[in-house]
Structure formats: structure tokens, C-alpha cells
Amino acid sequence: EYTKDGFNIPSFLEYEGKTYVVTAIGDNAFKGNNIVFGNVTFPKYLNKIGSFAFYRTRIYGDIVLPESLTSLGESAFNDCRGIISVKIPSKIDTIPANAFYRCHSLVKVEAEANIKYFKNYSFYQCYALKSIPLGEGTLEIGTQAFLSCKALESVDLTSVTTLSSEAFKDCL
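### Topic: the environment of Leu-13
No. 1: Note on placement: Leu-13 falls in strand E3 (residues 12-15).
No. 2: Judged by relative accessible area, Leu-13 falls into the partly exposed class, the value being 46%.
No. 3: Here the alpha-carbon distance between Leu-13 and Phe-118, two residues 105 residues apart in the chain, equals 34 Å.
No. 4: Apart from the residues lying within four places of it in its own chain, the contact partners of Leu-13 are Lys-18, Thr-19, Tyr-20 and Val-22.

In C-alpha cells form, the structure reads like this:
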């Protein structure tokens, strides 16, 4: 459903007289779609966003992932160049590989809890990214996870036990 503020993915769907709760967005669900989304509002009971679900879609604005979300697939928002900010819920402790790869306009990432694992290429070439939620609980940063994040202002690596190759290449 489109609104003046963006795109609303409903919490419930009706089909053949039955009402269903939307709990997942499947793999490739909106992949490469030319729909302009604006801000995206996610279903209240959503617990999974599949791999490549929004790959190369035209999301322009902010993403607030619902507190119910427990699983974020690889490349879920890969190459969504208009995303400005993302709020990650507390049940997500891993940013999977390529999750926000080449989200060039992404400036801010907030997390309700410490993210433990940033997998390979998770924020690769997010040129505008100024801050990332690294904290006491962060353990691993994968290969080129933040490559070319040229706007990063500071990074706290105190608790990181695994820092993979070129994790911050062409940054700071």
C-alpha cells in the first residue's frame, strides 16, 4: 500500500476469505523491482526478511525494522542506493554478508543491542556512512565489511576478536 510517506507492507493479508498474518518476506520478493518505495513500513509481526528480498529496489528514505524481526537474509538490501538510515532491532545480532552492500546514501545505522557479527561485505561501499553500532559486544568484522565507507567518523574495536582482511580499507 502506498501512502504519502512511502510504502506500507501490511501486517495482515486476506485471501479467499481467510486472514493471514505476514511473518516473512521471502527470498527475492521485491528483487530488482522498479517500484519507488520511499520509506518502507514493515509488518508488525515480521520475523524474517529473506535473501535478496529488496535487492536493487528503489527505497528512498529510512528503514525501521520491526522489533519482531529475528532473521535478516544475505543481500537483503544489497544495492538499495537511496536508503538513508536503518534501525536494527534487538533480536538481530548478525549483519549477514552483503546485507547493505552498495547502499551509497546510507548515513546512519542504529541498533537496539550490540551487533556481534558483521559478515563479509555487509556495508561495502556505503560511502556516506558516518557511524556504525560497534560496541562492547562486537566480536567479528568480516572481509571488506566496511570497505570504502569514507565518511566514517570513528570506530571502536575494543571487543573485536576477529578483524578480517581489508575490513576498513579506504575508510577514515
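### Thoughts on the state of the cysteines
No. 1: Tallied over the entire structure, the rule returns zero disulfides.
No. 2: No disulfide involves Cys-149; its nearest neighbouring cysteine sulfur is the one of Cys-171, lying 4.9 Å away.
No. 3: Given the relative accessible area of 0%, Cys-149 is considered buried.
No. 4: Taking the relative accessible area as the measure of exposure, Cys-171 reaches 15% and is therefore buried.

### Thoughts on the packing of aromatic side chains
Each pair of aromatic rings is reported with the distance of its centres and the angle of its planes.
No. 1: The final tally for this structure, using the stated rule, is 15 aromatic pairs.
No. 2: Measuring from centroid to centroid gives 5.5 Å for Phe-77 and Phe-100, while their planes differ by 5°, and the two rings are stacked. Residue Phe-77 is located in the loop between strand E9 (71-72) and strand E10 (82-88), and its partner Phe-100 is located in the loop between strand E11 (94-95) and strand E12 (108-111); the two are separated by 23 residues in the primary sequence. In terms of burial, Phe-77 and Phe-100 fall into one category: buried.
No. 3: Summarising the aromatic geometry, the rings of Phe-123 and Phe-146 are spaced 5.5 Å apart at their centres and angled 5° between planes, so their arrangement reads as stacked. Taken together, the residues Phe-123 in the loop between strand E13 (117-118) and strand E14 (140-141) and Phe-146 in the loop between E14 and strand E15 (162-163) connect sequence positions 23 residues apart. Here Phe-123 and Phe-146 have matching classes, each one buried.

About the cut-offs
- Residues numbered from 1 in each chain as written.
- Predicted model: local features only at pLDDT ≥ 70, side-chain atom pairs only at ≥ 80, totals over all residues.
- Heavy atoms only, no water.
- Helix = DSSP H or I, 4+ residues; strand = E, 2+ residues; numbered from the N terminus.
- Buried < 20%, exposed > 50% of the residue type's maximum accessible area, 1.4 Å probe, protein only.
- Contact = heavy atoms within 4.5 Å.
- Disulfide = S-S within 2.5 Å.
- Phe/Tyr/Trp six-rings, centres within 6.5 Å; stacked < 30°, edge-to-face > 60°.

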